[in-house]
Amino acid sequence: LGIEPPPRAQYLRVLLSEINRIASHLYGMGIFGVQIGMSTWYMWAFGDREVFLELADRLTGQRLTHTYSIPGGVRRDLPQNFKDYALKAVRYMEKRLKEYKAMFLDNPVVRSRLIDVGVISKSKAAEINVVGPTLRGSGVKYDVRKVHPYAAYDEIDFEIAYRDEGDCYARTLVRVEEIKQSLNIIRQVVEKIPDGPI
């Protein structure tokens, strides 16, 4: 239709997608923490999620229902000093993920509740059509951002997070690795976003 978003808008779409991915994974991990008897995980994840909801709000004017992508582009450009806020959030979360590892991921109670629990084999995952981190936690190295790149994903360097074990612990580790990859993507976007119309 001749309304393909310009390059800057493509980068901005990626930026919001990755901010949202981090917030979504933190939400899921927080709820998961409660389900396995780790209420501290809930409090940490929901507190850290606020950093990324605030970042989304700075970019779009909304914390959750962004309506940011529109036909032909995005609603608004980067606000003043957004790069500084984004990089501060990235550094903060990179530090926090190290603390998550020590507090939760290496915790013997957490490991005992997740390792070898809810195993979905690679073949079963494909058969029942699971997607996203659940699919990648079963050893299927498939991420639509790599296989069928859209927006500016073909210009961004990142790895597909996956694990072969197929259990609850593997799916959790995939989500943590995806947060790391999203932080890396955010850093790349704010550093190399092209000038131009939105």
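Preceding this paragraph is the structure being described.
On a predicted model such as this, the values are computed, not experimentally measured, just so you know.

### A closer look at the pattern of salt bridges
1) Next: Evaluation of the coordinates by the stated rule reveals 17 salt bridges.
2) Next: Here K83 ties to E191 by a salt bridge, and the two come within 3.1 Å at their closest N and O atoms. Of this pair, K83 sits in helix α3 (residues 82-105) while E191 sits in helix α8 (residues 168-192), placing them 108 residues apart in sequence.
3) Next: The class for K83 is partly exposed, based on a relative accessible area of 35%.
4) Next: Residues D143 and R145 are paired through a salt bridge, measuring 2.6 Å at the closest nitrogen-oxygen approach.
5) Next: Here the salt bridges do not stand alone but share partners, grouping E18, R21, D143 and R145 into one network.

### A word on the environment of V147
1) Next: Among the secondary structure elements, V147 is positioned in helix α7 (residues 144-147).
2) Next: Given the relative accessible area of 39%, V147 is considered partly exposed.
3) Next: Sequence separation of V147 and Y100 is 47 residues, and the distance between their C-alpha atoms is 30 Å.

### Side note on the packing of aromatic side chains
1) Next: Counted according to the given criterion, the structure contains nine aromatic pairs.
2) Next: Ring centres of W44 and F104 lie 5.1 Å apart, and the angle between their planes is 80 degrees; on these two criteria the pair is classed as edge-to-face. With W44 in helix α2 (residues 39-60) and F104 in helix α3, the pair connects residues that are 60 residues apart, well separated along the chain.
3) Next: Put simply, the rings of F32, W41, W44, Y100 and F104 pair up and form one aromatic cluster.
4) Next: If you follow R58 out to its NZ or CZ, it ends over the ring of Y85, 3.4 Å from the centre.
5) Next: Between the NZ or CZ atom of K146 and the centre of the ring of F158, over which it lies, the distance is 4.4 Å.

Reading the values: the criteria
Residues numbered from 1 in each chain as written. Predicted model: local features only at pLDDT ≥ 70, side-chain atom pairs only at ≥ 80, totals over all residues. Heavy atoms only, no water. Salt bridge = Lys/Arg side-chain N within 4 Å of Asp/Glu carboxyl O. Helix = DSSP H or I, 4+ residues; strand = E, 2+ residues; numbered from the N terminus. Buried < 20%, exposed > 50% of the residue type's maximum accessible area, 1.4 Å probe, protein only. Phe/Tyr/Trp six-rings, centres within 6.5 Å; stacked < 30°, edge-to-face > 60°. Lys NZ or Arg CZ within 6 Å of the ring centre and 35° of its normal.

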